[in-house]
Each structure stands twice: as C-alpha cells, then as structure tokens.
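Here is how the chains run, residue by residue.
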Amino acid sequence: MSQFIAFLRRNPLATLGLTVLVLLVLAVVFGPMISPYGPTRLDVLNKLQGPSLSHWLGTDSLGRDVLTRVLHGGRFTLAIGVGVVGIAFAVGVFFGTLAGFVGGAVDMIIMRFVDAILSFPALVLAIALAAAFGPSLNNAMLAVAITLAPQFARVARSQALSVSVKPYVEAAISLGLPTRRILWRYIFANGLGPLLVQASLSLGSAILQTASLGFLGLGAQPPLAEWGADVSANLQYLRESPWVALSPGMAILLAVLCFNLIGDSLADWFNPRRRNELN
C-alpha cells in the first residue's frame, strides 16, 4: 500500500483522475443533500432559467433542475458502466482463458467468433444490437456488454498462453489438480493485472457507448435521468440555453477522462520497469 501511495504521488495524472472520480461519486451518492429537487419535478413557469442560487446549473425546457438531473443521471450512468463491464469481464475472461489454456479446436472456435465481433466498429455494433433488441436501458447495457466482451477475451487468452507454460502450472497439471482449480488459482490469478487495466479503460468506453445509445433514443427512455438521453433532449436549446446540454455532456467527459487516466496509471503500475521509474 505504501508503494502504491508513493506511486500516486509521483503520478499527478493518476492522482487527478482518482480525486475527480471520488468527488464525482460522492456528489452522485449525496445528490439529494446537494440539490433538494426531484429529477422529474416540473416547473414550466421557470423553464430554461439560467444558473442561479436556487438552481446552480439552471433549469431545462420543462423547468426541471439540471443539477438534480445530472446527479441522479450519474447514478444510472456509473452503475451502468460498472454493470456492463462486470458482465463483459465475466464472459470474456471465461472464454478467453479457456481458449488459451485448452487450445486446439476450442481455441480456434472461440477466437474466430471473437474476431467476427471485433471486425465491426464497437459503437456501430452496439447501435445495431440495441436497435434489434428494442429501445430500453437494459437492452442498451446488453448491447454494450456484447461489444466489450471480445476485448477481455483477447487479453485473457494472451495471459493464459503466457502463464500456462510456467513451471508452476505444469507442476499443477502433473499433480492432477482439477482443471477448474488450475484455471482459477493459477491462470486467472497470475494474469489479473492486464485484465484490471482493460476493465478500467472499458469503464470509460461503456459509459460513452451507453450515453451514445441514450442520445440516439436507444437507451434510457424519458423521463428517466441519464446523461446521454438528457444531452439529446436538450440539444435543440444549446444556443439559447447552453447549460442544459453542456452540463450532462461535461459529466460524461469527466467520467470517461477519469477512468482513462486511472487505466493508464494502472498500466504503469503493473509494468515493473515503469513502476520503478516512477518510484
């Protein structure tokens, strides 16, 4: 832990990303204490009001408090990002590790399927899947998870190939340990570092893709507060009332930037040479 703290002190971008992310999460969690309004409370007599002491980020076209919408939308957006990456991580790592360890026909079948999914641009594939499943938040999450899982499968397979030839794995196989135990305790545990880096970077991608689907009307449906959907709903008022669209847009930017900074820092941490240079 002391080494990690020293690493953070010498890596200002990591410290910045972690600090902003913590502040963002605290603001989202304690949103009702910061802004007392309801996310769906209408006040048409005060619509498109500019930032003031009563409405720090102004109001939207229906008189709803923009700050409240951003904070409540952050709960869904951040939870969606974690949930989507969790699903993609579990599915991708399982099949990738299995392919790298077993090899042969199993490896060929799994990786050809992975290559087929990766041949499509991630966002384009997510849009196509979300449109096929139907517009809803759950379907958008499933679509994004499908596009992210092959990335974890690739990394997991690479780690499995490199770890499975280690002497301790060969010793475990010669001792007749169950395949499940070898995969979990030796292959997965010793290849976890790059997977965590991929997970942190994928969090930013998941948030951005889910917000994009919400912007296109394929994700969260009104009146649910969600950053991408709120940007789409208020885009027509950008010139006269820029705060209504810029506020959730800046929230997306901050969240994605924080996860990318943290992911880059984790990559340095799990690289012994780079970690020694920073320490």
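Residues numbered from 1 in each chain as written. Predicted model: local features only at pLDDT ≥ 70, side-chain atom pairs only at ≥ 80, totals over all residues. Heavy atoms only, no water.

1. Section: the overall build of the protein chain
Link 1 in the chain: When helices and strands are counted, the protein chain shows 13 helices and 0 strands.
Link 2 in the chain: In the protein chain, the succession of helices and strands from N to C terminus is α-α-α-α-α-α-α-α-α-α-α-α-α.
Link 3 in the chain: In terms of overall dimensions, the protein chain has C-alpha extents of about 75 × 45 × 25 Å along its principal axes.
Link 4 in the chain: A buried classification covers 46% of the 279 residues belonging to the protein chain.
Link 5 in the chain: Contacts spanning at least 24 positions in sequence make up 70% of the contacts within the protein chain whose residues lie at least 6 apart.
Link 6 in the chain: Carbon together with sulfur atoms contributes 68% to the accessible area of the protein chain, which is approximately 14300 Å² in total.
Link 7 in the chain: Looking at charge distribution, the protein chain has the averaged site of its 18 positive side-chain charges lying 9 Å from that of its 12 negative ones. (Helix = DSSP H or I, 4+ residues; strand = E, 2+ residues; numbered from the N terminus. Buried < 20%, exposed > 50% of the residue type's maximum accessible area, 1.4 Å probe, protein only. Contact = heavy atoms within 4.5 Å. Areas by Shrake-Rupley, 256 points an atom, 1.4 Å probe, with all protein chains shown as cover. Lys, Arg positive; Asp, Glu negative; His and termini not counted. Charge placed at Lys NZ, Arg CZ, Asp CG, Glu CD.)

2. A few points about the environment of Gly86
Link 1 in the chain: In this fold, Gly86 is placed in helix α4 (residues 66–102).
Link 2 in the chain: Each C-alpha atom of the pair Gly86 and Ala149 lies 9.6 Å from the other, and the pair is 63 residues apart in sequence.

3. Section: α4
Link 1 in the chain: Between its first and last C-alpha atoms α4 spans 53 Å; for 37 residues at 1.5 Å apiece the expected length is 54 Å, and the two agree.
Link 2 in the chain: Sitting at the amino-terminal end of α4 is Asp65, which places a side-chain oxygen 3.4 Å from the backbone nitrogen of Leu67.
Link 3 in the chain: After α4 finishes, the residue Gly103 shows a positive phi value of roughly 70 degrees. (Expected span 1.5 Å × (residues − 1). Polar contact = N/O pair within 3.5 Å; in protein donor to acceptor, adjacent residues only side chain to side chain.)

4. Digging into the packing of aromatic side chains
Link 1 in the chain: Using the criterion set out here, one finds 5 aromatic pairs in the structure.
Link 2 in the chain: Between Phe89 and Phe188, the ring centres sit 6.4 Å apart and the planes meet at 80 degrees, which makes this aromatic pair edge-to-face. Residue Phe89 is located in helix α4, and its partner Phe188 is located in helix α9 (residues 179–190); the two are separated by 99 residues in the primary sequence. Each of the two residues, Phe89 as well as Phe188, counts as buried.
Link 3 in the chain: Seen in terms of ring centroids, Phe94 and Phe95 are 5.1 Å apart; in terms of plane orientation they differ by 80 degrees. Their pairing is edge-to-face.
Link 4 in the chain: Taking the relative accessible area as the measure of exposure, Phe95 reaches 38% and is therefore partly exposed.
Link 5 in the chain: An aromatic cluster is present here, built from Phe89, Phe152, Trp184 and Phe188 joined pairwise through their rings. (Phe/Tyr/Trp six-rings, centres within 6.5 Å; stacked < 30°, edge-to-face > 60°.)

5. Notes on the packing of helix α8 (residues 167–174) against α9
Link 1 in the chain: The geometry of α8 relative to α9 is characterised by a closest axis approach of 11 Å and an angle of 175 degrees between their N-to-C directions. The orientation of α8 with respect to α9, classified from their angle, is roughly antiparallel. Seen from α8, the contacting residues are Tyr168, Val169, Ala172 and Ile173; seen from α9, they are Ile182, Tyr186, Ile187 and Asn190.
Link 2 in the chain: For the contact of α8 with α9, a count of residues per class yields 7 nonpolar, 1 polar and no charged. (Axes fitted to C-alpha atoms, helices over the stretch in contact; angles between N-to-C directions. Parallel < 35°, antiparallel > 145°, perpendicular 65-115°, else oblique. Nonpolar A, V, L, I, M, F, W, Y, C, P; charged D, E, K, R; others polar.)

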